[in-house]
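# Structural description and commentary
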Amino acid sequence: MARQTVAFSNFTAGELSPRLDGRTDLSKYFNGVKTLENMVVHPHGAATRRPGTKFVHEVKTSSAQTRLIPFEFSTTQTYVLELGNAYIRFFKDSGIITEGDKTITAITKADPAVVTSSSHGYSNGDFVIISSVVGMVQVNGRTFKVANKTTNTFELQDVDGNNVDSSADYQTYTSGGVANKIYQITSPYATADIPTVKFAQSADTMYLVHPSYAIRKLTRSAHTSWTISTPSLSGSPSPVLNTTTDKYPSAVTFFEQRLVFAGSNDNPQTLWFSISGSLEDFTTGTGDTDAMVYTIASNKVNAIRYLSAQRSLIVGTVGGEFVVSASGTTSPITPTNVQIQKQSSHGSANVDAVQIANVTMFLQRAKRKLRELSYNLNIDQYQAQDMTLLAEHVTEGGITEMAYQQEPDSVLWCVRSDGYLLGFTYARSEEVVGWHRHKLGGVFGEATITVSDYGNIATGTTLKITKSDGTSVTFTSEASGGTAPDETLGFRPNESNDTTADNIFTAVNAHADFTVANPAAAVVTIKETSKIGADPIKITSSDTTRLTTDDEGIAVVESVATIPTDSNEDELWMIVKRTINGTTRRYVEYLNLFDYGTDQKDGFFVDSGLTYSGTSTTAITGLEHLEGESVTILANGATHPVKSVASGAIMTGGSLTLDRSATKAQIGLPYDSVLQTMRIENKGDEGTSQSRTKRINEITLRVHESVGVEVGSSLTNMERIPFRSSAASMDTAVPLFTGDKQVEFRDDFNTDGHIYVRQTQPLPLTLISIYPRITVNDG
């Protein structure tokens, strides 16, 4: 048997398709991985755990789909817009924008609670945030809905419209307090149309278009001074633009000092160019600066889907990609020199393209393929290469939205239709083109069993509860009408003579405990009471007639937007849909900084999380958005046991108690980061090691500023690498480690040779390379 050492020196190809599992003749094979979940590829070659997401605020209406749009005036004046059903809200500096203070002079202990605030000016249905109240501190930091307002008073409702009862559990109001109304404006867009609104911004003005609505102009003059109006376009372009239904454009951009609209229902192939330097004047003529109207000539109708302003104007249609340019390569376009040329015939989806440096990234018509449209000097034409060719499985189901984060690592973020957040690290000059998948902490939906006939459930019926990390628990029912329950069977359904309201499912492998409740007749809800890991629960029943099941799903990312900041990183914002304490919630969150410094106390590796920083304490409050959820905690840089956030009573709701005091704690939903290598390949005297029986004896992991890492041959056979030295104090956090960690590998002889590296704790992991030593059977 030959002993060999293999080097996984970088991961710049990202997650590769299962169809490449044997393509060792492909150079990308040795730079790619089989699984890359909740980890990001750096252009340098390393793979690092993505940071967690910070909770900002719940959207106005959690029951309705909502979208985020970036608005950038400068690096110091950047906003994220929450575009919902007939409204727009605004975020800046990691928080939601509110109006000025309204002084509170009293709050009653009553049902509902009544706030006194002289001449507050609020309307019923407004949302306010209350703070600085003395005495009745339970209202501080919370968002309420205004109800039954008078000139000087208003009643408090929660965000779902239920009256707030302060008569029992609240303390008595003493003094002080202010209310701040969440600032919003009215918009015309309905929920169903929000995903296909297109926009283009110049300075403090943004134009929004949709084929079912007249053009809108959004203008900002201050943080709490925004207006949305229908611009009055001058001139009489033909075909007619923006006058009646079916004449509203569906795409917009700015190009060479002109405002460009395209693709109305009546004229899906037409582009309208404004007068140069006069954005709302569309008077046509033959002068160089006059407005222009051009219709793409083609054999079939090619409705325009997007416009992208590069060195030329890129026009994406359902049937192909076109370029609008002047006949002279360095001249601006004019009514007499403009030309439109077709470059490819792939066709585009109805999703705005994204510009990265000098290329345009667009989705092909089926939303499965991301294409890179770039100019090729050798053939004097644009080409559209498929960026999913080596990872077609990553975009399965289709992409619905994209946003580009230029700093720190040039990543294109995509929303997949099933809720996965996809990352695409793109550094073409360094040949770094790698996909990675991200599953955010939390779940959407509930795992349930519906029992249709207790009396006919047969002996031996099984329920298998599985978590996607590979662990599973099987429960077997008793015979109907049997004797006393045998606890070793694990599962006992309610029978006609059983008055027990709750059953306990206990995992036989001590992986987790599951509590079963009956909130409705014949419906059993599976809940994980000792949460270990971050995967949704899946249930399989051997009796699908009497025991029908529904699974939990992953937390659903619905929208993304990026904005630059004064720091060295752009911010990625998102809307995430989860089931929280049995209710659907949509939260606005943003990805924390990759570069948090060198102190692991500042590392943020929890989702929908918040940070406590202050005097040493064990009492944590302000987690109302995670009531009823199991959360993971990093306290003073060290891991802390999982805790459940209290729910229900206002005095304790949104709180938890730490086992030890801390001055800094990061608290939020857990998520796992996993890297799985491709099958090991190392050519020996007998040729390839593929298909040969082999055993991994030991592994060296080269890491950077990491701690708390696991390694193994499968997700059910992982070993945590020791990082604490015998000389280290036990009452301080384990310091971050940079260097090589050599470990024996728990594996047997097999033909695969996969290596898994995982981080389940709220701690950092940057994996630079992997060096396994293997024994290959050459016989």
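Structure report, in brief. In this convention, every chain numbers its residues from 1, walking through the sequence in written order. Whole-chain, interface and lining totals are the exception, using all residues; otherwise, since this is a predicted model, local features are given only for residues with pLDDT of at least 70 and side-chain atom pairs are given and counted only at 80 or more. The side-chain values count all of the structure's non-hydrogen atoms but skip hydrogen atoms and water molecules.

Turning to the overall build of the protein, a few remarks are in order. Of the regular secondary structure elements, the protein holds 0 helices and 62 strands. Looking at the protein as a whole, 54% of its 779 residues qualify as buried. Every residue pair with non-hydrogen atoms within 4.5 Å of one another is taken to be in contact. Residue pairs at least 24 apart in sequence account for 62% of intrachain contacts in the protein once pairs closer than 6 positions are excluded. The method behind every accessible area is Shrake-Rupley, applied with a 1.4 Å probe, and residues are considered shielded solely by the protein chains displayed. With an accessible surface of roughly 31100 Å², the protein has 46% of that area assigned to carbon and sulfur atoms. Helical segments are the DSSP runs of H or I of at least four residues, strand segments are the runs of E of at least two, and each set is numbered from the N terminus. Using a 1.4 Å probe on the protein chains alone, a residue whose accessible area is under 20% of its type maximum counts as buried, one over 50% counts as exposed, and one in between counts as partly exposed.

What follows covers the sheet that holds strand β22 (residues 225-229). Pairing within the open sheet is antiparallel, and its 4 strands lie in the order β19-β20-β21-β22. Each edge of the open sheet is held by one strand with a lone partner, namely β19 (198-202) and β22. With direction set aside, neighbouring strand axes in the sheet form an average angle of 20 degrees. When DSSP finds two or more bridges between a pair of strands, those strands are recorded as paired. As judged from the 5 bridges shared by strand β21 (residues 213-222) and β22, these two strands associate in the antiparallel manner. Each residue of the ladder has a partner; that of A222, found in β22, is S225. Axis lines are fitted to C-alpha atoms, over the contacting stretch for helices. Their N-to-C directions set the angle, which ranges from 0 to 180 degrees.

Omega for the peptide link from D111 to P112 comes to 5 degrees, which places this bond in the cis form. Within the secondary structure, P112 is located in the loop between β12 (106-107) and β13 (114-116). Cis rather than trans, the peptide bond between S238 and P239 has omega equal to 5 degrees. Among the structural elements, P239 can be located in the loop between β22 and β23 (251-255).

A pair is scored as a salt bridge if a Lys or Arg side-chain nitrogen falls within 4 Å of a carboxyl oxygen belonging to Asp or Glu. The full count for this structure, using the stated rule, is 31 salt bridges. Residue K34 pairs with D21 through a salt bridge whose shortest N-O separation is 3.8 Å. You can see K34 sitting in strand β3 (residues 32-37) and its partner D21 sitting in the loop between β2 (14-15) and β3, a full 13 residues away along the chain. A relative accessible area of 25% places K34 in the partly exposed class. Accessibility expressed as a relative area gives 14% for D21, which makes it buried. Residues joined in a network through salt bridges with shared partners are E15, E37, R437 and K439.

Glancing now at the nonpolar core. In terms of nonpolar packing, the biggest core is built from 37 residues, with L675, I699, L701, V711, I755, V757 and I770 touching the most fellow members. Elements with a minimum of two residues in this core: β3, β4 (39-41), β57 (694-706) and β62 (766-776). With near-sequence residues (within four places) excluded, I770 lies in contact with V6, A7, F8, F11, L675, T677, I699, T700, L701, I755 and V757. Residues grouped as a nonpolar core are buried Ala, Val, Leu, Ile, Met, Phe, Trp, Tyr and Cys residues, joined through side-chain atoms within 4.5 Å. Membership of the second largest hydrophobic core comes to 23 residues, among which are V359, M361, F424 and W435.

Let us look at the layout of surface pockets. By volume, the largest pocket amounts to about 1100 Å³. Along the wall of the largest pocket there are 37 residues; nearest its centre are P70, F199, A353, V354 and Q355. Contributing elements (two or more residues each) for the lining of the largest pocket: β7 (67-74), β19, β23, β27 (304-309), β31 (354-356), β35 (399-405) and β49 (556-563). Under the scheme applied here, ten amino acids are nonpolar (Ala, Val, Leu, Ile, Met, Phe, Trp, Tyr, Cys and Pro), four are charged (Asp, Glu, Lys and Arg), and all others, including Gly, are polar. A class-by-class count of the residues in the lining of the largest pocket yields 22 nonpolar, 9 polar and 6 charged. Put plainly, a pocket is an open set of points on a 1 Å grid over the protein atoms alone with protein on both sides within 12 Å along at least five of seven lines, a cavity is a set where a 1.4 Å probe fits but cannot get out, and a lining residue has an atom within 4 Å of a point. Grid points are joined across faces, edges and corners, and a volume is the space filled by probe spheres set on the points.

The next point concerns the packing of aromatic side chains. Within 6.5 Å between ring centres, the rings of Phe, Tyr and Trp (the latter by its six-membered ring) count as paired, and their orientation is classed by plane angle as stacked under 30 degrees, edge-to-face over 60, tilted in between. A full pass over the atoms with the stated rule returns 20 aromatic pairs. Ring geometry for F71 versus W226: centroids 4.9 Å apart, planes at 75 degrees, classification edge-to-face. One end of the pair, F71, is in strand β7; the other, W226, is in strand β22, and 155 residues separate them in sequence. Taking the relative accessible area as the measure of exposure, F71 reaches 0% and is therefore buried. Between Y375 and Y382, the aromatic rings sit 5.4 Å apart at their centres with planes inclined by 65 degrees, giving edge-to-face as the arrangement. Take Y382: its relative accessible area is 7%, and that puts it in the buried class. Taken together through their ring pairs, the aromatic side chains of F71, Y79, F90, Y183 and W226 make up a single cluster. Charges are assigned to positions over rings by a cutoff of 6 Å between ring centre and Lys NZ or Arg CZ, combined with an angular limit of 35 degrees from the ring normal. Just above the ring of F127 sits the side chain of R89; from NZ or CZ to the centre is 5.0 Å. A cation over a ring is seen here: K741 above F737, with NZ or CZ 4.7 Å from the ring centre.

Don't take any of this as a statement about function, it's just geometry.
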